[in-house]
Amino acid sequence: MAKITFKGSPVETAGDLPRVGAEAPEFTLVNTELGDVSLNDYKGQKVVLNIFPSVDTSVCAASVRRFNAEASKRDNTTVLCISRDLPFAHARFCGAEGLDKVISLSEYKDEVFSQNYGVKMVDGPLAGLLSRAVVVVDENGKVVHSEQVDDIVHEPDYEAALKVL
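Everything numeric here is computed off the predicted structure, so don't read it as measured data.

Colleague: Any details on the nonpolar core? Residues and values, ideally.
Modeller: Leu 49, Ile 51, Ile 82, Phe 113 and Tyr 117 are the most contacted members of the largest nonpolar core, which has 21 residues in total. Those elements giving two or more residues to this core turn out to be β5 (46-51), β6 (77-83), α3 (112-117) and β8 (133-137). When near neighbours in sequence (up to four residues on either side) are disregarded, Tyr 117 contacts Asp 16, Leu 17, Pro 18, Ala 24, Pro 25, Phe 27, Leu 39, Leu 49 and Val 135. Counting 20 residues, the second largest nonpolar core, distinct from the first, contains Val 55, Cys 60, Cys 94 and Leu 165.

Have a look at this one:
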């Protein structure tokens with residue numbers, strides 16, 4: 001279990017992020033058109049998993065905006081923005097913001113993703129939501145960057161994630 005904080009108060013997650021060098025766990029999530037999307041769909045590409053509690057918070061929204069801006073500058077790279085928000089919330093946010101370089105995915109149907117990636121918060125005021133984390137997967141499905149953000153209200157280290165791309 002990762003020990004993180006929410007505004008300084010302790011929070012634990014259901015597990016730990018995959019380690020650098022490990023095979024990225026497979027998953028299936030739901031896109032904004034209510035279709036299933038898996039990590040395997042992006043085989044042969046670099047994939048950034050931008051994981052967060054809710055797109056309707058300022059820090060989560062900032063991470064989606066930042067990765068959207070950076071995604072357009074990278075070859076053979078896909079950014080998946082992942083939360084437990086319903087697909088409709090993802091579509092509303094990205095549509096209103098004009099964000100079209102990221103792919104929004106929801107874990108509303110099951111918890112396989114959060115179990116495999118260890119990102120479900122098990123206590124604290126946001127229990128049940130996903131913690132803020134970034135995992136970068138290379139073209140061969142290996143984890144090349146893994147960051148569990150220390151406090152939910154902090155933004156991830158964008159530069160560290162982008163550097164491995």
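Colleague: So what's going on with the sheet that holds strand β9 (residues 143-148)? Which residues, and what values?
Modeller: Strand order across the open sheet formed by seven strands is β4-β3-β7-β6-β5-β8-β9, with mixed pairing between neighbours. The strands lining the two open edges of the sheet, one partner per strand, are β4 (36-38) and β9. On average, adjacent strands in this sheet sit at an angle of 30° to one another, irrespective of strand direction. As paired elements, strand β3 (residues 28-31) and β4 share three bridges and run antiparallel to each other. Residue pairing across strands places Thr 28 opposite Ser 38, the latter belonging to β4. Contacts from helix α1 (residues 58-71) reach β5, β6, β7 (102-106) and β8 within the one sheet, and its direction differs from that of β5 by about 165°. The strands touched by helix α2 (residues 87-97) within the sheet are β3, β6 and β7, with β7 carrying the most contacts at an inclination of about 155°.

Parameters at a glance
- Every chain is numbered independently, its residues counted from 1 as its sequence is written.
- Per-residue local features are limited, in this predicted model, to residues with pLDDT of at least 70; the limit for side-chain atom pairs, both in listing and counting, is 80 or more; totals at the level of whole chains, interfaces and linings are taken over all residues.
- No hydrogens and no water enter the side-chain calculation; it runs on all heavy atoms of the structure.
- Buried Ala, Val, Leu, Ile, Met, Phe, Trp, Tyr and Cys residues form a nonpolar core when they are joined through side-chain atoms within 4.5 Å.
- To sort residues, take the accessible area from a 1.4 Å probe on protein chains only and compare it with the maximum for the residue type: under 20% means buried, over 50% means exposed, and anything in between is partly exposed.
- Strands here are runs of E lasting at least two residues and helices are runs of H or I lasting at least four, both read from the DSSP assignment and numbered beginning at the N terminus.
- Two residues form a contact once any of their heavy atoms are found within 4.5 Å.
- Strand pairing is defined by DSSP finding a minimum of two bridges between the two strands.
- Note on geometry: axes are lines fitted to C-alpha atoms, helical ones only across the stretch in contact, with angles between N-to-C directions running from 0 to 180 degrees.

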